[in-house]
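Summary of the model geometry
Now for the letters of each chain:
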Amino acid sequence: MEHSLIARIRAGDPDAFGGLFDDYAQTVFRYAVRSTGDWAGAEDVVSLTFLEAWRLRGTLRDSDEELKPWLLGIATNVLRNVRRAAKRHDAALTRMPAGPAVPDFADELVGRIHDAEQLVAAQAALGRLRSKEREVFLLCVWDGLDYRGAARALGVPVGTIRSRLSRARKRLRDLTEDEIKKIARNMELPGAAGQYRSDRATAVRSNGWEGNR
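Attention here is on the structure that accompanies the text.

Calculation rules
Residues numbered from 1 in each chain as written. Predicted model: local features only at pLDDT ≥ 70, side-chain atom pairs only at ≥ 80, totals over all residues. Heavy atoms only, no water. Helix = DSSP H or I, 4+ residues; strand = E, 2+ residues; numbered from the N terminus. Buried < 20%, exposed > 50% of the residue type's maximum accessible area, 1.4 Å probe, protein only. Contact = heavy atoms within 4.5 Å. Core = buried A, V, L, I, M, F, W, Y, C linked by side-chain atoms within 4.5 Å. Patch = residues over 30% accessible without salt bridge, like charges linked within 9 Å, V, L, I, M, F, W, Y side chains within 5 Å. Areas by Shrake-Rupley, 256 points an atom, 1.4 Å probe, with all protein chains shown as cover. Salt bridge = Lys/Arg side-chain N within 4 Å of Asp/Glu carboxyl O. Lys, Arg positive; Asp, Glu negative; His and termini not counted. Polar contact = N/O pair within 3.5 Å; in protein donor to acceptor, adjacent residues only side chain to side chain.

1. Some details on the overall build of the protein
Per the secondary structure count, the protein includes 10 helices and zero strands. Ordering the α and β elements of the protein from the N terminus gives α-α-α-α-α-α-α-α-α-α. For the protein, buried positions account for 37% of its 213 residues. A separation of at least 24 residues holds for 68% of the contacts in the protein among residues at least 6 apart in sequence.

Shown next as structure tokens:
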């Protein structure tokens, strides 16, 4: 990353910041989708991330070699705030009188993603991780940051990244296997106990976390 570009972004150059959006909007979007499993919500995260990036552009350092860790660090904080807001919203809803039943379209949304069963298993397993372990796993494994980049994104030492990632990988292997077994049970054919559609279930199992170690 050229220092001149960082200086232009830090100075509030609209063209430089527009280039930043063009280069990294999809990266932030993929990170948000993987973190939340929500396509529409991920679009909101992208908008909020770049609004925050504009506000925090003065925090960029000349020593930064690339902007991806900086942006994903901002996105991580946005996601934390979104989760906290969602929890407050859910808590408020529990205090309201029950309304009419609303159809659940979650399966339809998940079906937009290739290999939906794998996404379901992965998302469920990630959701069972501690939040700090989940963040490190998403940044290092799915978004390709090295230890130093992830440390920059999360504001923690490199050694902390290493230990969190090690724990996350171990727990995810166990948790994902558990989720895949649940999916297989749900895919059992009616009237044929113990059987399931092996083509799809096998696809989930063959694309597990082992390849990401």
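The structure having been displayed, the exposition proceeds.
2. Observations concerning the nonpolar core
Core analysis: the biggest nonpolar cluster contains 46 residues, and L20, F50, W70 and I161 have the highest contact counts within it. Within the residue set of this core, elements represented by two or more residues are α1 (3-10), α2 (14-36), α3 (39-55), α4 (68-94), α6 (116-127), α7 (131-142), α8 (147-154) and α9 (158-186). Per-element tally for this core: the top contributor is α2, with 10 residues. Apart from the residues within four sequence positions on either side, F50 is in contact with F17, L20, F21, Y24, A25, V28 and L71.

3. Points about a nonpolar patch on the surface
A cluster of nonpolar side chains, contributed by L48, L51 and V82, occupies part of the molecular surface with about 260 Å² of accessible area. With respect to the secondary-structure elements, V82 resides in helix α4.

4. With respect to the side chain of K68
Inspection of the secondary structure puts K68 in helix α4. No salt bridge is formed by the buried K68; its nearest oppositely charged neighbour, D143, is found at 4.9 Å. Among the polar contacts made by the side chain of K68, one reaches the main-chain carbonyl oxygen of D143 at a distance of 2.4 Å. When sequence neighbours within four positions are dropped, the list of residues in contact with K68 reads Y24, T27, D143 and L145.

Scope: geometric values only; no functional claims are made or implied.
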